[in-house]
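Chain and residue survey
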Amino acid sequence: MAAGCEEAAGAVLRSRACANRVLDLLAGPLPPEDAPLPDGCSAEEQYKIWMRHRYHSCVLCLAELMGHSSFEVKEMSLCTLMKFVEVEGEHPLVKAEWKGSFIFPRELLKLVVESLIPCEEDSSLLISRFQEYLEYDDVRYFVMKAVTENIGQIMQKTKEIPLPVYQQNVFSLISSISMPSRKTELVNFMVKQDHLEEWKVSKLKEHKRAFERMWLVFLKYKLPSSLYKKVLMILHDSILPHMNEPTLMIDFLTAAYDIGGAISLLALNGLFVLIHQHNLEYPDFYKKLYSLLDPSIYHVKYRARFFRLMDLFLSSSHLPAYLVAAFIKRLSRLALTAPPEALLMVIPFICNLFRRHPACKVLVHRPSGPEDLLEDPYVMEEEEPSESRALESSLWELRALQNHYYPDVAKAAATVNQSLSEIEDDISGLLELSAYELFDREVMKSTTDVPLEFEQVRGLFDKKNDIFAEYFALD
Amino acid sequence: MGKARSKGLARSATATAMAKARNNPFEVKVNRQKFSVLGRRTKHDVGLPGVSRSKALRKRTQTLLKEYKEREKSNVFKDKRFAEYNSKISPEEKMMKRFALERQQNFGKKNIYNLNEDEELTHYGQSLADIEKLNDIVDSDSDTEDRGALSAELTAAHFGGGGGLLRKKTVSRQQDEDEEKPKSRKELIEELIAKSKQEKRERQTKRENALELTEKLDSDWKEIQTLLSHKTPKSERKDKEEEKPKPDEYDMIVRELGFEMKAQPSDRMKTEDELAKEEQERLEKLEADRLRRMHGKEEHENKKKPKHISADDLADGFILDKDDRRLLCYKDGKLDIGNDEEDDSKHEEDHDNECEEDKSEEEPDSKDEDEDAVDSHSDLESGLESEEEAISNKREKKHQGNEKNLQSEEGQKAEREAGRDELPYTFSVPESYEKLKSLLTGKTTTQQLVVLERIQKCNHPSLAVGNKAKLEKLFGFLLDYTGELATMDPPELKTIDRLVLPLYKLCQMFPEAASNSMKFVLRDAAHDMEEMIEVKGRAAFPGLDLLIYLKITAILFPTSDFWHPVVTPAFLYMSQLLTKCQVTTLQDVVKGLFVCSLFQEYISLSQRFVPELINFLLGILHITLPKKQAQGYTLVHPFRLLGKNSELLMVSDKKDMESWQKQNLPLSIVTRLKESSKTEMNHFRLSCLALCLDLIKRCGALYGSLSSFHEIVHPIRVLLTEHIPVSDYPKQLQELHQNVLKELENKEKHYNPLVCEKKKPVPLKLYTPKIVKVLEFGRKQGGSKEEQEKKRLIHKHRREFKGAVREIRKDNQFLARMQLSETMERDSERKRKVKDLLHNLATQEGEWKALKRKKFKN
């Protein structure tokens, strides 16, 4: 059956292309098929009307085929429909209402978009095939409009019921839209128009507006958390720059920032862009940032991203010392649970903070402090950095890390014993360090001298004071 | 021929010119030496500018001038000799082919009427026939003159023919003739030969004279010596020896005996005390070495000391020697394990084959050894361990000793069993893993050990050249084999337990190969895990084989080193296991706890801090809790607060709790969890919990001295005190729980503020001159080898460049000179011609005028 459909699609493609070339389809409003034909129309007109009806049903049929099980059929019908779009743009089916008006087969494109983002199945493959059409500026513009409309309709229809698949599809479609950054790049049109300058589509601002509206509509509804993360991942570099008013994203971002966990970490980047470039004032930003620090920051995937931003936020020399000290203390406290690759990154990070804020150096060097305290003065549970008494404490955590099993970590931690040099360490190379890289580096080291165990063995578990012999049996 | 001669003549000409120049002080330029250095050869003390200039000129005329003259000529000399410039063909072959070609060419064109004519045979391009004729004459002449014929002088003296005057005349005439016409080649050669012969004769006579004189001297000396001393016979013998230097058989034997090793005074046998002391010293040294590595101190001391490995190697060689000897007395068909203790028993068994007596005899032996072991351990740990631990040690040692006895008994039985099967005595080292496997499969553990030991013995590196590489490979194969044993179902852990011994021995012999193969295994495992994370997004714990490998690593290598080529990657790998692998089943828990125990063992001496260990233990404790009201602690990956597996270790059945007894976790459940009853499963869970608690206790003991110990164990303490339902647990666990809490809380809290180390004051810069030792004069000092090489090359390049520029300049001058002379020549030619013409015209004119005058006259 699939093959049959394919053939049909192929045949349609060919016949349609021919027909369009040979015939001029009836332009203007189309009377319903079963309505009696108006009197006095010639045979040719009748034929044209009939032909137009066939074309219409063919389009509907193709749109239906886009939901076919076989990908090839889908792809074929998509291509055919887009070919129709192109041809219809050249030979508009609607008469120009006034001179100089611009005609684009919007309805047809809407149909295509509708079938591109189904509610039930994942259509990312088809969408990636659709990419090439998104290169056309006019197609892109109208697709954005169509998507906006479509989301509104669908969401209206299924109130409160989350549609993860649909949203996923929409996301993969709209995240693949690459916006032009300058007006001069708007030259690639599928349908050639006469007075391009006057056409809306040729204006970057309009594009941006359509883009902005599309995203806002998409983000208005509740997203599943994986999608949330994905959106936040691309927000700062592929969404915000293409919006007319990025400040419209403030609500979304602050909501995301308040969620906590990994989502907050990701929202930080977008928020930073808004604060930095669009004068957003975020109350208690550092307090919030401080509360974001929990043991998972050393274990999550977005560690590099987060610490790059942290580095940025804490680079200002105008920050009060108590704040930076609180950050340092908290980071090092959390470092007691961190894996070696994170430790290799965070220790130079802390050293850099010391260099930028020399007032914090009391944490590692307090020659005339109170001796023999019973407690660490630092209060870990305190939400407010100013109340945490970090400046009264010392970095005993790094002292503990000097005994770390990984020699590089131990060496890095030992640098706080000496007074620090003036030049900051470059941590950009350390941010992305992964455990596997670390392992690989270690294995590749070549040595000539391999020390050996000198204690004679007797068996697998026969070492002295062996915990294995106590708890495991060789059965 | 002629060319060669001309070249020779030219050379001789230059030589003579140089000689002349040298003799002429005006031609010599002396390069004055500032200092005369003894022993230095001076090449350029005297320069001969005239000679060198003339040489250069000649060279230019021969090359440059020729080129210049032929500059507009397009004729090219082509060498069409067969394969003249083809270096691939050997000269003989070339000659053969050329010869064949020549024959071919001549074949058709031969004079058809001349039937007799064969081709002319040549040697060095000359007809053989000619040479023969010529040579014959020459040779006969020289011969006759040499041997048979009498010389002219002789005939003259004896026969007096012709008289002196006549002879003189003839001689003078001859001389005149000689001077007049150049000598022919033949004559020259004759002269040469005559000269050399004369020289030879003179030398011979001289030598004879010398010999005569020495003989005379000797005889004289003998006469005198008899008077002087009584050592004459010896000298006589010496003379005789000199006379016939051929070595006598007797002499040879005497020499051999002389050179043979004499029995040297050896050290006395060491007493047992001394031996023990030496052993103790050795161990102490090794321990000091280990401590130094643990603290990661730099290696500069290391170089002075004899290498750690070499000490071990020596010990090894010694044991192996012994083993070789044992191999000889092996004919009873009894087998051994390789322990000295069993070696002793072996001898006893040889004497009387009853085994009961052996056992009774052997027991004291083994006890002795155990005591020794205790000694050595206490030596090792004396500084580190508290009394309490020492007590526990002793207890454990007793336990171990018992085990040992049991083992040795078992071993003996196995020996006897194995003895019945005839194993071949020699084995070659298996070339591939498959071969090793086929060699070992189907044999009992003891037999496998014997096979491995024999392989090692038969292929000891000292026996043949390639053995080292082979045995190095064997380690890798054996490692693979252990891995396979561990992955079997059920895993043959008992065999692995014994196989550790040969692995250890091989590792001691070839540390580098062992470390490489271990690293290879680890790298593969880490790579697999990384791939799995990339594909699936999460990783699972590896199989039992890797756990065993990690355990073997701890056995083979010192885990306390600051950095170790094998142990550090193993640490990182284990850290990844504890942070990346999902804990979804009870098996995962057991594996994770195994890794935790490994960590614990790795750091037991060095007391290094492992955050992953604490995190994982906290997670394990968390999954034992029934209600999730986590407060006061946070979990990290791979554990989650809530979720599918967050109650994996929870035990709710009260009866199971009560019936639980501490038991050892069988490692086989790692590969296959038996379909066991719920009670058993619960018991497993409780055992895991017990292990976890014990690990925490040990961690507490290890990390107690860390400065932020309380922050580190804070979450665990919160969990243990507030959340864990202790009262439900069996008594043993409750006790353990108490102990753990005590361990965690009893540590004193010391928080002294940190102070940076004082900076060393930077020394002032001093302007004293830098003094460098000059090792060799005349050579540029300083810099590494590469730098020196570079400098040398730069210097050479500059010199060459200068030389080339100078040469080019001289070439140009030469050419300009040549062109000038050419134009001068041309000009003078033209002038001459013009003059000629004018002269001609003038004469014509003159003649014409004369004629005219004549006419007028007439």
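Residues numbered from 1 in each chain as written. Chains lettered and ligands numbered in written order. Predicted model: local features only at pLDDT ≥ 70, side-chain atom pairs only at ≥ 80, totals over all residues. Heavy atoms only, no water.

Of regular secondary structure, chain A possesses 20 helices and 1 strand. Look at the contacts in chain A between residues 6 or more apart in sequence, and 73% of them connect residues 24 or more apart. (Helix = DSSP H or I, 4+ residues; strand = E, 2+ residues; numbered from the N terminus. Contact = heavy atoms within 4.5 Å.)

The helix and strand inventory of chain B stands at 30 helices and 5 strands. A buried classification covers 33% of the 858 residues belonging to chain B. Summed over its atoms, the accessible surface of chain B is roughly 59900 Å², and 54% of this surface lies on carbon and sulfur atoms. (Buried < 20%, exposed > 50% of the residue type's maximum accessible area, 1.4 Å probe, protein only. Areas by Shrake-Rupley, 256 points an atom, 1.4 Å probe, with all protein chains shown as cover.)

Looking now at the interface of chain A and chain B. Between chain A and chain B, the residue contacts involve 77 residues of the former and 106 residues of the latter. It is Tyr405, Phe454 and Tyr471 of chain A in chain A that bury the most area against chain B; as a group they hold 11% of the surface buried on that side. On the surface where chain A and chain B come into contact, there are 2 salt bridges. When the shortest N-O distance is used, the salt bridge between Arg698 of chain B and Glu470 of chain A registers 3.1 Å. (Buried area = accessible area lost by both parts, 1.4 Å probe. Salt bridge = Lys/Arg side-chain N within 4 Å of Asp/Glu carboxyl O.)

With that settled, the discussion passes to the side chain of His207 of chain A. Looking at the element boundaries, His207 of chain A is found in helix 8 (residues 204–220). The contact partners of His207 of chain A, leaving out residues within four places of it in the chain, are Asp137, Arg140, Tyr141, Met144, Met179, Leu186 and Val201 of chain A.

What follows deals with the layout of surface pockets. Here the second largest pocket defines a volume of roughly 1800 Å³. Along the wall of the second largest pocket there are 49 residues; nearest its centre are His299, Val300 and Lys301 of chain A together with Gln582 and His637 of chain B. Considering each element in turn, the lining of the second largest pocket owes the most residues, 4 residues, to helix 9 (residues 225–239) of chain A. Taken together, the residues of the lining of the second largest pocket sort by class into 21 nonpolar, 14 polar and 14 charged. In terms of domain composition, the lining of the second largest pocket takes at least three residues from each of domain 1 (423–578) and domain 2 (582–750) of chain B. (1 Å grid on protein atoms, 1.4 Å probe; cavity = no way out; pocket = protein on both sides within 12 Å on 5 of 7 lines; lining within 4 Å. Points joined across faces, edges and corners; volume = space filled by probe spheres on them. Nonpolar A, V, L, I, M, F, W, Y, C, P; charged D, E, K, R; others polar. Domains from an automatic or database assignment.)

Next up on the list: helix 20 (residues 493–509) of chain B. All names here are of chain B. Relative to the 24 Å expected for 17 residues at 1.5 Å per residue, helix 20 spans 25 Å between its end C-alpha atoms, a close match to the ideal helical length. Along helix 20, the largest kink reaches about 30 degrees and is centred on Leu499; proline Pro502 follows within four residues of it. The buried fraction of helix 20 is high, at 14 of 17 residues. (Expected span 1.5 Å × (residues − 1). Bend = angle between axes of the 7 residues up to and from the residue.)

Another point: the packing of aromatic side chains. All names here are of chain A. Applying the stated criterion to the full structure yields 31 aromatic pairs over all chains. Summarising the aromatic geometry, the rings of Tyr141 and Phe142 are spaced 5.2 Å apart at their centres and angled 80 degrees between planes, so their arrangement reads as edge-to-face. Judged by relative accessible area, which is 6%, Phe142 ranks as buried. With a centroid separation of 5.5 Å and an interplanar angle of 80 degrees, the aromatic rings of Tyr290 and Phe327 are classed as edge-to-face. One end of the pair, Tyr290, is in helix 12 (residues 285–292); the other, Phe327, is in helix 14 (residues 321–334), with 37 residues separating them in the sequence. Like Phe327, Tyr290 is buried. (Phe/Tyr/Trp six-rings, centres within 6.5 Å; stacked < 30°, edge-to-face > 60°.)

This part takes up the packing of helix 2 (residues 43–65) of chain A against helix 3 (residues 71–90) of chain A. All names here are of chain A. As a packed pair, helix 2 and helix 3 sit with axes 8 Å apart at the nearest point and diverge in direction by 145 degrees. At the point where helix 2 passes helix 3, the crossing takes the left-handed sense. Counted together, Tyr55, Cys58, Val59, Leu62, Ala63 and Leu65 of helix 2 and Val73, Lys74, Ser77, Thr80, Leu81, Phe84 and Glu88 of helix 3 form the full contact between these two elements. In the contact of helix 2 with helix 3, the residues fall into 9 nonpolar, 2 polar and 2 charged. (Axes fitted to C-alpha atoms, helices over the stretch in contact; angles between N-to-C directions. Left-handed = near helix turned anticlockwise from the far one by under 90°.)

All names here are of chain A. Tracing the chain through its elements places Ala325 in helix 14. Among the residues examined, Ala325 registers a relative accessible area of 0% and is labelled buried. In sequence terms Ala325 and Ala359 are 34 residues apart; their C-alpha atoms lie 8.8 Å from each other.

Residue and element names in this part refer to chain B. Residues Arg53, Arg798, Lys802, Arg806, Arg809 and Lys810 make up a contiguous surface patch of positive charge. Looking at the positive patch, the element that brings in the most residues is helix 30 (residues 785–857), giving 5 residues. Tracing the chain through its elements places Arg53 in helix 2 (residues 49–62). Arg53 sits in the exposed class, given a relative accessible area of 60%. (Patch = residues over 30% accessible without salt bridge, like charges linked within 9 Å, V, L, I, M, F, W, Y side chains within 5 Å. Lys, Arg positive; Asp, Glu negative; His and termini not counted. Charge placed at Lys NZ, Arg CZ, Asp CG, Glu CD.)

Moving on: unusual backbone geometry. Where the residue is not glycine, phi is negative for most of them; where a peptide bond is considered, it is trans in most cases. All names here are of chain A. One non-glycine residue, Asn279, adopts positive backbone phi at about 60 degrees. By the secondary structure assignment, Asn279 is in the loop between helix 11 (262–277) and helix 12. Its identity as a non-glycine residue notwithstanding, Asp284 has a phi of 55 degrees, on the positive side. Within the element layout of this structure, Asp284 appears in the loop between helix 11 and helix 12.

Given a rise of 1.5 Å per residue, 17 residues ought to cover 24 Å, and the 24 Å separating the end C-alpha atoms of helix 24 (residues 586–602) of chain B matches this to within 8%. For helix 24 of chain B, the buried fraction is high: 17 of the 17 residues fall into the buried class.

Looking now at the side chain of Arg366 of chain A. Within the element layout of this structure, Arg366 of chain A appears in the loop between helix 15 (340–356) and helix 16 (396–401). Of the side chains with opposite charge, Glu392 of chain A comes closest to the buried, unpaired Arg366 of chain A, at an N-O distance of 7.8 Å. A polar contact of 2.9 Å, which involves the side chain of Arg366 of chain A, links it to the backbone oxygen of Leu391 of chain A. Ignoring any residue separated from it by four or fewer positions in sequence, one finds Arg366 of chain A in contact with Leu391, Glu392, Ser393 and Ser394 of chain A together with Pro753, Leu754 and Val755 of chain B. (Polar contact = N/O pair within 3.5 Å; in protein donor to acceptor, adjacent residues only side chain to side chain.)

It is worth spelling out the packing of helix 12 of chain A against helix 13 (residues 303–313) of chain A at this point. Residues and elements named next belong to chain A. Remark: helix 12 packs on helix 13, axes separated minimally by 13 Å, with the N-to-C direction vectors making an angle of 145 degrees. Classified by chirality, the crossing of helix 13 by helix 12 is left-handed. Facing helix 12, whose interface residues are Phe285, Tyr286, Leu289 and Leu292, helix 13 presents Phe306, Met310 and Phe313. In the contact of helix 12 with helix 13, the residues fall into 7 nonpolar, no polar and no charged.

Once that is clear, we can look at the pattern of salt bridges. Residues and elements named next belong to chain B. Inspection of the entire model under this criterion finds 37 salt bridges over all chains. We note a salt bridge from Glu484 to Lys437, for which the minimum N-O separation is 2.8 Å. Highlighted residues: Glu484 in helix 19 (residues 467–487) and Lys437 in helix 17 (residues 433–440), separated in sequence by 47 residues. Across the salt bridge formed by Glu472 and Lys468, the nearest N and O atoms sit 3.6 Å from each other.

What follows covers the confidence of the model for chain A. If pLDDT is low for a region, its predicted coordinates should not be looked at in detail. On average, chain A scores 80 in pLDDT, and the residues at 70 or more come to 87%. The element-level mean pLDDT for chain A is lowest in helix 1 (residues 2–22) of chain A, coming to 52, with helix 14 of chain A highest at 92. (pLDDT = per-residue confidence, 0-100.)

Right, let's talk about the nonpolar core for a bit. Judged by nonpolar contacts, the single largest core of 283 residues is most densely connected at Trp215 and Phe218 of chain A together with Tyr703 of chain B. Considering every element that reaches this core, the biggest residue donor is helix 27 (residues 678–703) of chain B, with 14 residues. Residue-level mapping places this core at the junction of two domains, with at least three residues from each of domain 1 (423–578) and domain 2 (582–750) of chain B. Those residues within four positions of Tyr703 of chain B in sequence are excluded, and the remaining contacts are Ile603, Gln607, Arg608, Phe609, Val610, Leu613, Ile614 and Phe709 of chain B. (Core = buried A, V, L, I, M, F, W, Y, C linked by side-chain atoms within 4.5 Å.)

The next point concerns a negative patch on the surface. All names here are of chain B. On the surface, Glu208, Glu212, Glu215, Asp218, Asp220 and Glu223 cluster together into a patch of negative charge. Assignment of secondary structure puts Asp218 in helix 8 (residues 185–228). A residue is classified by how much of its surface remains accessible, and Asp218, at 41% relative accessible area, is partly exposed.

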